[in-house]
Amino acid sequence: MDYLVKDISLAPSGHLKIDWADRHCPVLRKIRERFEREKPLEGLTIGMSLHLEMKSAVLALTLKAGGAEVAITGSNPLTTKDDVAAALAEREVHVYAWYGETLEEYYANINRVLDHKPQLIVDDGADMIVEVHTKRKELLGQIIGGCEETTSGVIRLKAMERDRVLGFPVIAVNDAYTKYLFDNRYGTGQSSLDGVLRATNMLIAGRTVVVCGYGWVGKGIALRARGMGAKVVVTEVDPIKALEAVMDGYSVMPMSEAAKIGEIFITATGNKNVIREEHFRVMRDGAILCNAGHFDVEIDVKALRAMAESVRRVRDCIDEYRLSDGRRLYLLGEGRLVNLVCAEGHPAEIMDISFSDQALAVEYLKKNEGKLENKVYRFPVELDVEVARLKLEAMGVEIDTLTEEQREYLESWRHGT
Ligand code: NAD
Ligand code: SAH
């Protein structure tokens, strides 16, 4: 097995973590057992770029169980768990990743995965797929398809489709109901608060938490912050989402106002410079800033650095920016995903659903090789429903089924005639 990891001797603790995650991924385990029997991915090489931690390892091993050769790297330079990377290398997966990669190392590792000439790509944020389309075009002819994990990656891929440059079909796994309703909302809701708590050890109750963006991620964060007793303020640019936030009972105001009262700011927009210089200027001393959106561009860290008289690391995941008027602003996780950089990302029970979607999307692409166009496709709805059914079954929750009479009623238009 070829690998480049921080330290292969870290593997024992990585194995324990992978086994722990596996224990909490019953749906993925069921899929893996079927994959082991049917080997639907036999002969394929799969290139993966995901947050390289214990739950992603369970997905990599599931695809391997399906008969694929798997090469994996991280999807963010600060979210790789070195022990998990080492353990995966010991379980016959090609691994190229370590915590704290420079940007050059990050892209070199993506290219090391691509050197395996994958026919399928599992991406999170679309960095690997974009690399193929810009610097590794020689691979385009052999790639059957790709799967994308997150909202911002799907937006990038749809822009590639619009510009007619997308060179293979992609499944927008993020857009599955069983992905965004649970992962983006409840997963990010819990894990972002987890990140803030682990980083700061601060009390949430009674604090003013500003959530920027009221999409699926923002909704989850606002819900969980309120559940812990915070006064939640939402900022938005979309009138419908803003109205939704108002009727969900939150205060909604422009960032210029929210900046003055917030004590903890969490961005979740997928957009850039949502918190910027004009906002830093009016913030309270001690304000905490962090991001749960895809990229490290939501908070204008460059501007913050330029304004600061001094910067120092005051805790593991916290940098203190001291401004010329004496105010101190605290940035968590360097403005990267707070839930993955300062904590361990979504809980395994959530990634069980998202990664079951991924495993079935990979199988679907293989089954439909040659039949799909170079477009971004929705995750097939029957697979979506199947994952929900399996999750309910694993949770021991039973539901009703339609009677024949009810089915006929729902399908007819002649009520009462
Ligand atoms: P979404 O499209 O549902 O929501 C984004 C919202 O932000 C929209 O309502 C949009 O109107 C709003 N917005 C855009 N610009 C804004 C601005 N300047 N000010 C205020 N609001 C603004 O997307 P989502 O699924 O909620 O995902 C949001 C981001 O989080 C994406 O980048 C996604 O990739 C990422 N994500 C992160 C995690 C994680 O684990 N941290 C999980 C899932 C998704
Ligand atoms: N390349 C981007 C990735 C976006 S992160 C970046 O880091 O800048 C957003 C995705 O992370 C979500 O769609 C979610 O499914 C995934 N995620 C959250 N917790 C995770 C975990 N514990 N393990 C693996 N992926 C996770």
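Residues numbered from 1 in each chain as written. Chains lettered and ligands numbered in written order. Predicted model: local features only at pLDDT ≥ 70, side-chain atom pairs only at ≥ 80, totals over all residues. Heavy atoms only, no water.

Caption draft 1: Up close: the overall build of the chain. Secondary structure assignment for the chain yields 17 helices and 16 strands. Its C-alpha atoms give the chain a radius of gyration of 22 Å, within 12% of the compact-globule value 22 Å for 417 residues. Considering only C-alpha atoms, the chain reaches an extent of 70 × 65 × 45 Å along its principal axes. Here the chain holds 417 residues, and the buried ones make up 55% of them. Counting only contacts in the chain whose residues sit at least 6 apart along the sequence, the fraction spanning at least 24 positions is 70%. For the chain, the exposed area adds up to about 18,700 Å²; of that, 51% sits on carbon and sulfur atoms. The average position of the 54 basic charges and that of the 65 acidic charges among the side chains of the chain differ by 3 Å. (Helix = DSSP H or I, 4+ residues; strand = E, 2+ residues; numbered from the N terminus. Rg over C-alpha atoms; globule rule 2.2 N^0.38 Å. Buried < 20%, exposed > 50% of the residue type's maximum accessible area, 1.4 Å probe, protein only. Contact = heavy atoms within 4.5 Å. Areas by Shrake-Rupley, 256 points an atom, 1.4 Å probe, with all protein chains shown as cover. Lys, Arg positive; Asp, Glu negative; His and termini not counted. Charge placed at Lys NZ, Arg CZ, Asp CG, Glu CD.)

Caption draft 2: Fine view of the state of the cysteines. A full pass over the atoms with the stated rule returns one disulfide. Between C317 and C342 runs a disulfide, and the two sulfur atoms are separated by 2.3 Å. Since a negative S-S torsion denotes a left-handed disulfide, the C317-C342 link at about -85 degrees is left-handed. Taken together, the residues span a long stretch of sequence, with C317 in the loop between strand 13 (308-315) and strand 14 (318-323) and C342 in the loop between helix 14 (338-341) and helix 15 (348-367) at a distance of 25 residues. Comparing C317 with C342, the two get one shared label, buried. Just so you know, C147 is unpaired, no disulfide at all, and the nearest cysteine sulfur is the one on C25, 17 Å from it. Overall, the relative accessible area of 1% leaves C147 in the buried class. (Disulfide = S-S within 2.5 Å.)

Caption draft 3: Up close: helix 5 (residues 103-114). For helix 5, built from twelve residues, the straight-helix expectation of 16 Å at 1.5 Å per residue is met to within 8% by its first-to-last C-alpha distance of 17 Å. Residues of helix 5 that are buried make contact with strand 2 (45-49), strand 3 (69-73), strand 4 (94-96), strand 5 (120-123) and helix 6 (127-134). (Expected span 1.5 Å × (residues − 1).)

Caption draft 4: Examining the site of ligand 1 more closely. Of all residues adjacent to ligand 1, which total 27 residues, the nearest are T150, T151, S152, E236 and N339. At 2.8 Å from an oxygen atom of ligand 1 is found a side-chain nitrogen or oxygen belonging to T151. One of the side-chain nitrogen or oxygen atoms of N339 is found 2.8 Å away from an oxygen atom of ligand 1. Relative to its unbound accessible area of 860 Å², ligand 1 is 86% covered by the protein chains. Secondary-structure elements contributing two or more residues to the shell around ligand 1 are helix 7 (151-162), helix 8 (177-200), helix 9 (216-227) and helix 14. Residue contributions to the shell around ligand 1 peak at three residues, all from helix 8. In terms of residue class, the shell around ligand 1 is built from eight nonpolar, 15 polar and four charged. (Near = heavy atom within 4 Å. Polar contact = N/O pair within 3.5 Å; in protein donor to acceptor, adjacent residues only side chain to side chain. Nonpolar A, V, L, I, M, F, W, Y, C, P; charged D, E, K, R; others polar.)

Caption draft 5: Spatial organisation of the sheet that holds strand 1 (residues 3-4). An order of 1-4-3-2-5-6-7-16 is seen for the eight strands of this open sheet, with the pairing classed as parallel. Two strands close off the open sheet at either side, each with one partner strand: strand 1 and strand 16 (376-378). Taken together, the four bridges between strand 2 and strand 5 define a ladder with parallel strand orientation. The residue bridging S49 from the neighbouring strand is D123, located in strand 5. (Pairing = 2+ DSSP bridges.)

Caption draft 6: Highlighting the pairing of strand 8 (residues 208-212). Counting buried positions over the five residues of strand 8 gives five, a clear majority of the element. The side-chain alternation of strand 8 yields two buried faces, one formed by T208, V210 and C212 and the other by V209 and V211. Pairing between strand 8 and strand 9 (residues 231-235): five bridges, direction parallel. Its bridge partner lying in strand 9, V211 is registered against V234. Assessed by its sense of winding, the connection that carries the chain from strand 8 through helix 9 to strand 9 is right-handed. Alignment of strand 8 against strand 11 (residues 264-267), held across four bridges, turns out to be parallel. Residue pairing in the sheet places V211 in a bridge with I266 of strand 11. (Right-handed = clockwise from strand over helix to strand, strands pointing away.)

Caption draft 7: View of the site of ligand 2. Neighbouring residues of ligand 2: 20 residues in total, closest S75, N76, E149, D183 and H294. Within the contact set of ligand 2, an oxygen atom lies 2.7 Å away from a side-chain nitrogen or oxygen of N76. In the environment of ligand 2, an oxygen atom lies 2.9 Å from a nitrogen or oxygen atom belonging to the side chain of K179. At the level of secondary structure, the elements contributing two or more residues to the shell around ligand 2 comprise helix 3 (54-65), helix 8 and helix 15. Classifying every residue of the shell around ligand 2 gives five nonpolar, eight polar and seven charged.

Caption draft 8: Region of the structure containing the sheet that holds strand 11. Strands sit in the order 10-9-8-11-12-15-14-13 across an open sheet of eight strands; the sheet is mixed. What marks the edges here is a single partner per strand, and that holds for strand 10 (251-252) and strand 13. Where helix 9 meets the sheet, it contacts strand 8, strand 9 and strand 11, and its direction lies at approximately 170 degrees from that of strand 8. (Axes fitted to C-alpha atoms, helices over the stretch in contact; angles between N-to-C directions.)

Caption draft 9: Geometry of the pairing of strand 14. The buried count for strand 14 comes to five of six residues, which makes it a mostly enclosed element. Across six bridges, the pairing between strand 13 and strand 14 is antiparallel. Bridge pairing in strand 14 places V311 opposite Y321. Between strand 13 and strand 14, which pair antiparallel one after the other, the connecting turn spans two residues. The pairing of strand 14 with strand 15 (residues 328-332) spans five bridges and is classified as antiparallel. Within strand 15, the position partnered with D319 by the bridge is L331. With antiparallel pairing between neighbouring strands as the criterion, strand 14 and strand 15 make up a hairpin whose turn holds four residues, including G326 at a positive phi of roughly 95 degrees.

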